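# Structural characterization, general
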Amino acid sequence: MSTEGCRVQVQEAAFNPAQLQDLLPASGAVVTFTGNVRDMSAAGSVHALQLEHYPGMTERSLQAIASEATVRWSLRAVHILHRVGRIEAGESIVWVGVCADHRGEAFAACEFIMDALKTRAPFWKKEHGAQDARWVEARDSDISRAERWQLTRTGDAGMGPCG
C-alpha cells in the first residue's frame, strides 16, 4: 500500500473527529480514539494544558510510531492528529484512526499508537490550574502500558500504508 493511507498532523486548531473519521476507508474495521484534556489531575484542578513541541521532529516521531504500527499489524490506514499550543479542559487534544481488515488488529494498533504517543512522542506538557502551572511527566502507568508492546510483535514486516 502507498503512504496515502498514512496521515500525521500536528496543529494548534481544534478538529472535528467525525470529519477525520470520514477520511478513513469505509470498509473493514475502523477504530478511533479521541482524547480530551481532563479538568483534574493528581496535582489538582486543570483549566488548560499547554503543549510545546519541536516542529519537524515531532512529525517525524509520529510518523515513526504510525510506521511501526503498520509493521506490527496489517493495516489499511493510520491517521494521527495531535494538537499543540494552549488547549482548554474538555477540548480534544489527540485523535487516532486505524483501519484494518479485522477488528483485533485495528483495536490493538490504535491502543499501541496511543501508548507510544504518551511515552515516545516529543511533546512537553504544562498543566494550568487555578493557582499555578506545572510540567507533566509520563505517568508510571503510561510507561508500564507502553512496555508491554515490546513483548508482543505480531504481523509481518511487509509494507503497510505508512511504509
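Because the structure is a prediction, the values reported are computed rather than measured. (Residues numbered from 1 in each chain as written. Predicted model: local features only at pLDDT ≥ 70, side-chain atom pairs only at ≥ 80, totals over all residues. Heavy atoms only, no water.)

## Structural notes on the pairing of strand S6 (residues 75–83)
For clarity, the threshold we go by: Only protein chains enter the accessibility calculation, which uses a 1.4 Å probe. A residue is then buried if its area is under 20% of the maximum for its type, exposed if over 50%, and partly exposed in between. The numbering of helices and of strands both runs from the N terminus, where a helix is a DSSP run of H or I of at least 4 residues and a strand a run of E of at least 2. For two strands to be treated as a pair, DSSP must find no fewer than two bridges joining them.
For S6, the tally of buried residues reaches 8 of 9 residues, placing the bulk of the element in the interior. Here S6 runs beside strand S8 (residues 92–100); their pairing, made up of 7 bridges, is antiparallel. Bridging from a neighbouring strand, His79 pairs with Gly97 of S8.

## Quick word on the confidence of the model for the chain
So the rule is basically this: pLDDT expresses how confident the predictor is about each individual residue, on a scale running from 0 to 100. In what follows, residue pairs with any heavy atoms lying within 4.5 Å of each other are defined as contacts.
Of the residues in the chain, 90% reach a pLDDT of 70 or more, and the chain-wide mean stands at 87. Below a pLDDT of 50 lies the segment residues 151–158, which in the model reaches 13 contacts outside its immediate sequence neighbourhood of four places, other chains included.

## So, the packing of helix H2 (residues 57–72) against helix H3 (residues 103–120)
Definition in use: A fitted line through C-alpha atoms serves as each axis, taken over the contacting stretch for helices, and the angle formed by two N-to-C directions is quoted from 0 to 180°. Note on convention: the crossing is left-handed when the near helix lies turned anticlockwise from the far helix by less than a right angle, right-handed when the turn is clockwise. We call Asp, Glu, Lys and Arg charged. Ala, Val, Leu, Ile, Met, Phe, Trp, Tyr, Cys and Pro are nonpolar, and the rest, Gly among them, are polar.
Between H2 and H3, the shortest axis-to-axis distance is 10 Å and the interhelical angle comes to 145°. Classified by chirality, the crossing of H3 by H2 is right-handed. From H2, Ser61, Leu62, Ile65, Glu68, Ala69 and Arg72 reach across to H3, where they touch Phe112, Ile113, Ala116, Leu117 and Arg120. Partitioning the contact of H2 with H3 into residue classes produces 7 nonpolar, 1 polar and 3 charged.

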